[in-house]
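Chain by chain, the residues run as shown.
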Amino acid sequence: MDKQRNIIIDQSILTVLILFLILAGVYFGYIQELLLHDVSMISFVIFSMWAVITIVLFKNTWQLNNELKNTQKLYTILEHQYKNDDVDIEKLDLPEGLIGEYIQNLKQKNNLGIGKIDQSILLENLDVQLYKKIRWSFFLTNKITNLGLLGTAIGFAVALNALFEVESFDFETMKEILTQVAVGMGIALYTTISALLASVPLKAQTQVLESGVDHIINNVTKITEVYVIPSLERTNYEKNQNQ
């Protein structure tokens, strides 16, 4: 078990790197050019969505990191009790949150059941509850990609519409047509670039949360399989022996 894992640090390092790249783009004028030439404003919407999603991701990172710290603290306590041959789950001060609730559910299941404790269903439920915190980010990242595709479609539609409206081939008409085609191709190009610039970092940021969930599930499995379940089953065995 990695007792020093901190996904807030991982998320912060990644976000700082992304912000540095954005500031570099602003410094060299790339971001301004992109927003200025996208007359559809889809690029602005995409970057605004990235900013909002990043803020909410940090909130979810904080929540998941607290759950991860709870598993790390719990493991340290149980490891110390085990070395002193004093593991007693019934007297254990459980942390608040999903992890404490999970251990409490195991205790209740043990009190109501007979024989060995099967935690597979509870573990699947915990996995679902943790992934609820990041599932929406996958959804919104896909929507950003869809916005990029929408911008590409709009851009091509604008360009083709200009070609379909050709009635004469004089210089002024061709100049106007080429201007409209350039605007349409600009929309298609810039919205596609914006969607890529927003969705790729978001996927990386979401991957940090996904890694955090995997670490929590891994820690909970080790805690319960090594300490909690054996202790509860031993308590049941001793009760049956005394009856």
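What you see is a predicted model, and the numbers here were worked out from it, not measured in a lab.

Caption draft 1: Representation of helix α1 (residues 7–27) in the model. For α1, which comprises 21 residues, the first-to-last C-alpha distance of 30 Å matches the rise-based estimate of 30 Å (1.5 Å per residue) to within 8%. Where α1 is concerned, the buried positions are Ile 7, Ile 8, Gln 11, Thr 15, Ile 18 and Gly 25. End-on view of α1: buried residues confined to an arc of 110°, all on one side of the axis. Seen from the buried face of α1, the exposed residues on the opposite side, beyond 90 degrees, are Ile 13, Val 16, Phe 20, Leu 23 and Tyr 27. N-capping of α1 is provided by Asn 6, with a side-chain oxygen placed 3.0 Å from the backbone N of Ile 8. At the C-terminal side of α1, Gly 29 shows a positive phi close to 85°.

Caption draft 2: Local environment of the packing of α1 against helix α3 (residues 42–83). In contact at an axis separation of 9 Å, α1 and α3 are set at 160° when each is read in the N-to-C sense. Compared by their axis directions, α1 and α3 come out roughly antiparallel. Here α1 and α3 pass one another in a crossing that is left-handed. Contacts from Ile 7, Ile 8, Gln 11, Ser 12, Thr 15, Ile 18, Leu 19 and Ile 22 in α1 reach Trp 50, Thr 54, Phe 58, Thr 61, Trp 62, Leu 64, Asn 65 and Leu 68 in α3. Taken together, the residues that form the contact of α1 with α3 break down as ten nonpolar, six polar and no charged.

Caption draft 3: Looking closely at helix α4 (residues 98–112). The end-to-end C-alpha distance of α4 is 21 Å, a good match for the 21 Å that 15 residues give at a rise of 1.5 Å each. Taken residue by residue, α4 has Leu 98, Ile 99, Gly 100, Tyr 102, Ile 103, Leu 106, Lys 107 and Asn 110 as its buried positions.

Caption draft 4: Representation of unusual backbone geometry. The phi angle at Met 41 is positive, at roughly 65°, despite the residue not being glycine. Tracing the chain through its elements places Met 41 in the loop between α2 (30–37) and α3. Taking the relative accessible area as the measure of exposure, Met 41 reaches 45% and is therefore partly exposed.

Caption draft 5: Expanded view of the side chain of Thr 224. Along the polypeptide, Thr 224 turns up in helix α6 (residues 171–242). Separated by 2.8 Å, the side chain of Thr 224 and the backbone oxygen of Val 220 make a polar contact. Apart from residues no more than four positions distant in its own chain, Thr 224 is found in contact with Tyr 102, Ile 103, Leu 106, Gln 119, Ile 229 and Pro 230.

Parameters at a glance
Residues numbered from 1 in each chain as written. Predicted model: local features only at pLDDT ≥ 70, side-chain atom pairs only at ≥ 80, totals over all residues. Heavy atoms only, no water. Helix = DSSP H or I, 4+ residues; strand = E, 2+ residues; numbered from the N terminus. Expected span 1.5 Å × (residues − 1). Buried < 20%, exposed > 50% of the residue type's maximum accessible area, 1.4 Å probe, protein only. Arc of directions from axis to C-beta. Polar contact = N/O pair within 3.5 Å; in protein donor to acceptor, adjacent residues only side chain to side chain. Axes fitted to C-alpha atoms, helices over the stretch in contact; angles between N-to-C directions. Parallel < 35°, antiparallel > 145°, perpendicular 65-115°, else oblique. Left-handed = near helix turned anticlockwise from the far one by under 90°. Contact = heavy atoms within 4.5 Å. Nonpolar A, V, L, I, M, F, W, Y, C, P; charged D, E, K, R; others polar.

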